[in-house]
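Chain by chain, the residues:
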Amino acid sequence: MNQERTIPVPGEFYRHFKNKMYQIVAIACHSETGEKMVVYQALYGEFKVWVRPLANFMEEVDREQYPDAGQKFRFEKAEGSVINEALDGKEEKPTCQPGLNACLLEFFDAMDEKNYDRMLEALQKLSKKAARKEVDDICTVLDIQASGETVEEQIADIRRHILTLKKFDGERLR
């Protein structure tokens, strides 16, 4: 394991080198060996929960097997997750700022709550400064593929998707 990297913390978001997003659930200990394990959940598809040894989670991508991988490590902390550290001890979340992707985190928090109005508000704030990476992260988490060539067109597709979710979730028989 690379000793220079920090151990994942529950709630943080990580991107796998195959470009799928995951959220850390826990760091656990193997009951027989005591080996540290990472428990993490997929943010796409069936949202399966996975476990793997911490050392394996933190290792570099095997360049012989995956020469075209776009990142150095098997799992890399997603840029928006560093906000958790910046928010420690603060009651309010900062507004969107360059370098501090609070809007993306706000979007994911609203998504966890199934609060479609907050999701739309966060998406609106994010749209002013969004890069392709943020749009890709949202699409991965929502398990959708936004059409459109520009970031603005893709955000419009995401917005339509959220409005559809809101409509059908509110009309579902209970």
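Here, residues in each chain are numbered from 1, in the same order as that chain's written sequence. Only residues with pLDDT of at least 70 are given local features in this predicted model, and only at 80 or more are side-chain atom pairs given and counted; all residues enter the totals for whole chains, interfaces and linings. For the side-chain quantities, the full set of heavy atoms in the structure was used; hydrogens and water were omitted.

Draft legend 1. Main features of unusual backbone geometry. Its identity is not glycine, yet N19 carries a phi of approximately 70°, on the positive side. Looking at the element boundaries, N19 is found in the loop between β1 (13-16) and β2 (21-29). For each residue, the accessible area found with a 1.4 Å probe, counting protein chains only, is set against the maximum for its type, and the residue is called buried under 20%, exposed over 50%, and partly exposed in between. A relative accessible area of 39% means that N19 is categorised as partly exposed. In the Ramachandran plot, D143 falls in the positive-phi region, its phi being about 60° despite a non-glycine side chain. Labels follow the DSSP assignment, with helices taken as runs of H or I lasting at least four residues and strands as runs of E lasting at least two, numbered in each case from the N terminus. Looking at the secondary structure, you find D143 in the loop between α5 (132-142) and α6 (151-171).

Draft legend 2. Up close: the nonpolar core. Working definition of a nonpolar core: buried Ala, Val, Leu, Ile, Met, Phe, Trp, Tyr and Cys residues. They are joined through side-chain atoms within 4.5 Å. Counting 28 residues, the largest nonpolar core has F107, M119, I138, L142, I158 and I162 as its most contacted members. Counting only elements with at least two residues in this core, the list comes to α3 (102-113), α4 (116-127), α5 and α6. Residue contacts are counted whenever heavy atoms from the two residues lie within 4.5 Å of one another. Not counting the four nearest positions on each side in its chain, M119 is found in contact with F107, A110, M111, L142 and I162. Counting residues in each nonpolar core, the second largest holds 10 residues, with Y14, Y22, I24 and F57 among its members.

Draft legend 3. How the structure looks around the sheet that holds strand β3 (residues 36-42). Two strands are said to pair when DSSP picks up at least two bridges between them. Pairing in this open sheet of 5 strands is antiparallel, and the strands run β4-β3-β2-β1-β5 from one edge to the other. Looking along the sheet, the strands with just one partner apiece sit at the ends: β4 (49-53) and β5 (75-77). The average angle at which neighbouring strand axes cross in this sheet is 40°, direction not considered. One ladder, built from 5 bridges, connects β3 with β4; its direction is antiparallel. Its bridge partner lying in β4, M37 is registered against P53. Angles shown run from 0 to 180 degrees and are taken between the N-to-C directions of axes, each axis being a line fitted to C-alpha atoms and, for helices, limited to the stretch in contact.

No statement about biological role is implied by the geometric values presented.
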